[in-house]
Amino acid sequence: MLVEAEITPGLPTRQAVTLARLVEEAGFGRLGISDVALQQDCFVVLAACAEATHRVQLGPMVTNPYSRHPAMLAAAIASVHELADGRAFLGLGVGAGLEPLGIATSRPARTLREALIAVRALLSGESVDFAGDVFRLHGAALLCPPATPIPIAIGTRSSAVMRLAGELADTALVGARYLSPAVAAQYRSWLAEGASMAGRDATDVEIAPRMTLCVSADGALARRSVKRYVAHYLTLVRPDDLHVDAERLRAIEAALSRATGWYFDHDRFDPPELDELVTDEMVERYAIAGTPAECLPHVERLAAMGFTSVSMNLAAVRRETLFAGLEETITGFAEVLPRATAL
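Predicted model only: the values in this text are computed from it and were never measured.

### Points about the layout of surface pockets
Reported here for the largest pocket is a volume of approximately 830 Å³. What lines the largest pocket is a set of 33 residues, among which Val94, Gly95, Ala96, Arg157 and Tyr233 lie closest to the centre. For the lining of the largest pocket, the secondary structure elements donating two or more residues are helix H4 (108-123), strand S7 (152-156) and helix H8 (227-236). Sort the elements by how many residues they give to the lining of the largest pocket and H8 lands first, with three residues. Grouping the amino acids of the lining of the largest pocket by side-chain chemistry returns 15 nonpolar, twelve polar and six charged.

Written as structure tokens, this is what we have:
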């Protein structure tokens, strides 16, 4: 199984680069850098990581065509690909943290479709004339197109965008965090519908579930560290096969309304009642958290469901610094990563 690590760079760029080296040394196959508005620029971080690593694949996980024009995306990822000696990939999605910029993420399936078509054409070295509903290009061409193909991934929780991934992408990233056999089957069905429309074989599209990963020798601390993550996704994704008491769910929503900062920020405020409201059973469903030995069975479960890759959004153990907490997760999972990649 190919295991990807995703770092959200809410820490100094040099520290993110140090973590990238640790990710490569641990044996992860891919490294994604989150593109979150007003944080360190993901392509700058990726360029620095490209110079500091030698094996791991690198890309934004995920960037978006709302704050970055497709032509700029193509030029940026081609530059990273050059610096990384052909190790880049491009992850696309709707985007995160765009509200302070006044950007509305409207018509996501149409916008992503046009962006992907334009980016692919530019990366192929074509001179592109494109007149879509959202984007227009007039004789646009990259001065230095990539020498080798750059894979494109689409991350989503949406049925429409999952069908788009089946139609046009190399990899589909399932962003739900919650993944039962029934939910996995639904995503595969949507992807197969899109592949069928394009005359593609659905098995040619890699499907990678996105999971939250937090690892510590103190398993209870790792689980407590992701309760805000779990609360966030529980309110976004409520599958039919997960039964949560309505009163408890309302209490979790009320607690989240008092929280401040992103769920991955080190200096965020998590209302203390979340520790009781979000049970360990909920953590078990929405995250991979605990000791290294406790985390491995979760990866084995994904392999048993037919997945050949998984994208791990790294969550920091609640330590004095974000760097220390992320380092603990990376080095902790390194203990079982060889067994995970052998699945």
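### Notes on the packing of helix H1 (residues 13-26) against helix H2 (residues 42-52)
Helix-helix packing is characterised by the crossing angle of the two axes and by the distance between the axes. Two elements in contact, H1 and H2, have axes whose closest approach is 9 Å; the angle formed by their N-to-C orientations is 45 degrees. Between H1 and H2, the interaxial angle falls into the category oblique. The chirality of how H1 crosses H2 is right-handed. Residues Thr13, Ala16, Val17, Ala20 and Arg21 of H1 form the contact with H2, whose participating residues are Val45, Ala48, Cys49 and Ala52. Among the residues forming the contact of H1 with H2, the class breakdown is seven nonpolar, one polar and one charged.

### Quick notes on the packing of aromatic side chains
Overall, the coordinates contain eight aromatic pairs when judged by the stated rule. When the centroid spacing of 5.1 Å and the interplanar angle of 15 degrees are considered together, the rings of Trp262 and Phe264 count as stacked. Its relative accessible area of 13% is what places Phe264 among the buried residues. An aromatic cluster is built from Tyr229, Tyr233, Trp262, Tyr263 and Phe264, whose rings are joined through pairwise contacts. When the ring centre of Phe89 is taken as reference, the NZ or CZ atom of Arg30 above it lies at 5.8 Å.

### Focus on the side chain of Arg268
Here Arg268 is to be found in the loop between helix H9 (246-258) and helix H10 (274-277). By relative accessible area, which is 10% here, Arg268 ends up buried. For Arg268, the contacting residues outside a window of four places in its chain are Ser225, Arg228, Thr260, Gly261, Trp262, Tyr263 and Arg318.

### Thoughts on the pairing of strand S6 (residues 136-140)
Relative to S6, strand S5 (residues 128-131) is paired through three bridges, and the arrangement is antiparallel. Along S6, the bridge assignment pairs Val128 with Ala140. Connecting S5 to the next strand, S6, in antiparallel fashion are four residues.

### A short note on the pattern of salt bridges
Counted under the stated rule, the structure contains 19 salt bridges. In this structure, the salt-bridge partner of Glu4 is Arg30, at a minimum N-O distance of 2.9 Å. Of the two residues, Glu4 sits in strand S1 (residues 2-7) while Arg30 sits in strand S2 (residues 30-33), which places them 26 residues apart along the sequence. Of the two residues, Glu4 and Arg30, neither departs from the other in class, the shared state being buried. A salt bridge links Glu273 to Arg258, with the nearest nitrogen and oxygen atoms 2.0 Å apart. Of this pair, Glu273 sits in the loop between H9 and H10 while Arg258 is found in helix H9, placing the two residues 15 residues apart along the sequence. Exposure remark for Glu273: the relative accessible area of 30% places this residue in the partly exposed category. Within the structure, one salt-bridge network assembled from shared partners comprises Arg107, Arg110, Glu114 and Asp133.

Analysis parameters
- Residues numbered from 1 in each chain as written.
- Predicted model: local features only at pLDDT ≥ 70, side-chain atom pairs only at ≥ 80, totals over all residues.
- Heavy atoms only, no water.
- 1 Å grid on protein atoms, 1.4 Å probe; cavity = no way out; pocket = protein on both sides within 12 Å on 5 of 7 lines; lining within 4 Å.
- Points joined across faces, edges and corners; volume = space filled by probe spheres on them.
- Helix = DSSP H or I, 4+ residues; strand = E, 2+ residues; numbered from the N terminus.
- Nonpolar A, V, L, I, M, F, W, Y, C, P; charged D, E, K, R; others polar.
- Axes fitted to C-alpha atoms, helices over the stretch in contact; angles between N-to-C directions.
- Parallel < 35°, antiparallel > 145°, perpendicular 65-115°, else oblique.
- Left-handed = near helix turned anticlockwise from the far one by under 90°.
- Contact = heavy atoms within 4.5 Å.
- Phe/Tyr/Trp six-rings, centres within 6.5 Å; stacked < 30°, edge-to-face > 60°.
- Buried < 20%, exposed > 50% of the residue type's maximum accessible area, 1.4 Å probe, protein only.
- Lys NZ or Arg CZ within 6 Å of the ring centre and 35° of its normal.
- Pairing = 2+ DSSP bridges.
- Salt bridge = Lys/Arg side-chain N within 4 Å of Asp/Glu carboxyl O.

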